[in-house]
Amino acid sequence: LVWRAAECHRLSGDFKAQKAMLERIKAPKRTAKVNMALGGLYRRLGAESLAIQCYQEALRENPLAVEAAECLAQMNVKEQDVTRHVAEHARALPWLASYVSARMLMASSDHKAGQVAFQALVQSFPQCSEALVGLAVCHMEFGNNDEAAQAFSQAREVDEHMVDHMDQYALTLRS
């Protein structure tokens, strides 16, 4: 019920009321979804340290919350501080640490290292549309539009419903 009320505040653009509503949920009871929303609100309102805490908690609760890792990378949190939350799940999902690391590199604008990381993921998982799109975006950042278009095309072959970064794909086809 609190989540729905907070969503109403978000939709009406009243972010302070949304924050107040979400803060009513005690920290131990917050889900990754609530922590992600609070992290975004704190970040928007300039409370970066609170945002970092929320994103780290979201990642601790759900190591597949890659968006939390990306937000942390954008706020210059060290990669090892983020990946330690994922490490305990890496045994069951060996690709997870590599994927989170690649997404963090892309989010922190280290596209050269991101390109290497996504290329390694594509080599291991050639049918992973997310890795192909990440590779394509990194290629685009270096002006390698032919390679980017090829990676985007492969991603579309794997998943024809993929919509992430398709505006960038269109730009590679134009040039």
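This text goes with the structure placed above it.
Thresholds applied
- Residues numbered from 1 in each chain as written.
- Predicted model: local features only at pLDDT ≥ 70, side-chain atom pairs only at ≥ 80, totals over all residues.
- Heavy atoms only, no water.
- Disulfide = S-S within 2.5 Å.
- Buried < 20%, exposed > 50% of the residue type's maximum accessible area, 1.4 Å probe, protein only.
- Salt bridge = Lys/Arg side-chain N within 4 Å of Asp/Glu carboxyl O.
- Helix = DSSP H or I, 4+ residues; strand = E, 2+ residues; numbered from the N terminus.
- Core = buried A, V, L, I, M, F, W, Y, C linked by side-chain atoms within 4.5 Å.
- Contact = heavy atoms within 4.5 Å.
- Phe/Tyr/Trp six-rings, centres within 6.5 Å; stacked < 30°, edge-to-face > 60°.
- Lys NZ or Arg CZ within 6 Å of the ring centre and 35° of its normal.
- Axes fitted to C-alpha atoms, helices over the stretch in contact; angles between N-to-C directions.
- Parallel < 35°, antiparallel > 145°, perpendicular 65-115°, else oblique.
- Left-handed = near helix turned anticlockwise from the far one by under 90°.
- Nonpolar A, V, L, I, M, F, W, Y, C, P; charged D, E, K, R; others polar.

Asker: What am I meant to see in the state of the cysteines here?
Answerer: Note on terminology: disulfide describes a covalent bond linking the sulfur atoms of two cysteines. Tallied over the entire structure, the rule returns 0 disulfides. Not engaged in a disulfide, the cysteine Cys54 finds its nearest cysteine sulfur in Cys71; these two sulfurs lie 11 Å apart. Its relative accessible area of 5% is what places Cys54 among the buried residues.

Asker: I would appreciate a short explanation of the pattern of salt bridges in the present structure.
Answerer: Throughout the structure, instances matching the rule amount to 5 salt bridges. Here Arg103 makes a salt bridge to Glu130, at a shortest N to O gap of 3.7 Å. Placement of Arg103 in helix H7 (residues 96-107) and of Glu130 in helix H9 (residues 129-141) is noted, with a sequence separation of 27 residues between them. Overall, the relative accessible area of 31% leaves Glu130 in the partly exposed class. Taken together, the shared-partner salt bridges in this structure form one network comprising Glu70, Arg103 and Glu130.

Asker: Help me understand the nonpolar core, please; the structure alone is not making it clear to me.
Answerer: The tendency in soluble globular proteins is for nonpolar side chains to be buried side by side. Core analysis: the largest hydrophobic core is formed by 55 residues, its most contacted members being Leu22, Leu59, Leu72, Phe118 and Phe152. Among residues more than four places away in sequence, those in contact with Phe152 are Val133, Ala136, Val137, Met140, His165, Met166, Gln168, Tyr169 and Thr172.

Asker: Quick question: what am I supposed to make of the packing of aromatic side chains here?
Answerer: Here a ring pair, both rings aromatic, is described through the centre-centre distance and the interplanar angle of the planes. Within the structure shown, the criterion is met by 2 aromatic pairs. Judged by centre distance (6.3 Å) and plane angle (65 degrees), the rings of Trp95 and Tyr99 are edge-to-face. On the accessibility criterion, Trp95 (33% relative accessible area) is partly exposed. With a centroid separation of 5.2 Å and an interplanar angle of 35 degrees, the aromatic rings of Phe152 and Tyr169 are classed as tilted. With a gap of 17 residues between them, Phe152 in helix H10 (residues 145-158) and Tyr169 in helix H11 (residues 166-174) connect regions that are remote in the sequence. Of the two residues examined, Phe152 and Tyr169, each falls in the buried class. Stacked on the ring of Phe142, the Lys or Arg Lys112 has its end atom at 5.7 Å from the ring centre.

Asker: What is the right way to read the side chain of Glu70 from this model?
Answerer: Within the element layout of this structure, Glu70 appears in helix H5 (residues 66-74). The residues touching Glu70, leaving out its near neighbours within four places in the chain, are Arg103 and Ala107.

Asker: Explanation requested: the packing of H9 against H10 in the structure shown.
Answerer: When two helices pack together, their arrangement is given by the angle between the helix axes and by the axis-to-axis distance. Where H9 meets H10, the closest approach of the two axes is 8 Å, and the angle between their N-to-C directions is 165 degrees. One element, H9, and the other, H10, form an angle in the roughly antiparallel class. The handedness of the crossing between H9 and H10 comes out as left-handed. Across the interface between the two elements, Ser129, Leu132, Val133, Ala136, Val137, His139 and Met140 of H9 pack against Asn145, Glu147, Ala148, Ala151, Phe152, Gln154, Ala155 and Val158 of H10. Tallied by class, residues from the contact of H9 with H10 come to 10 nonpolar, 4 polar and 1 charged.

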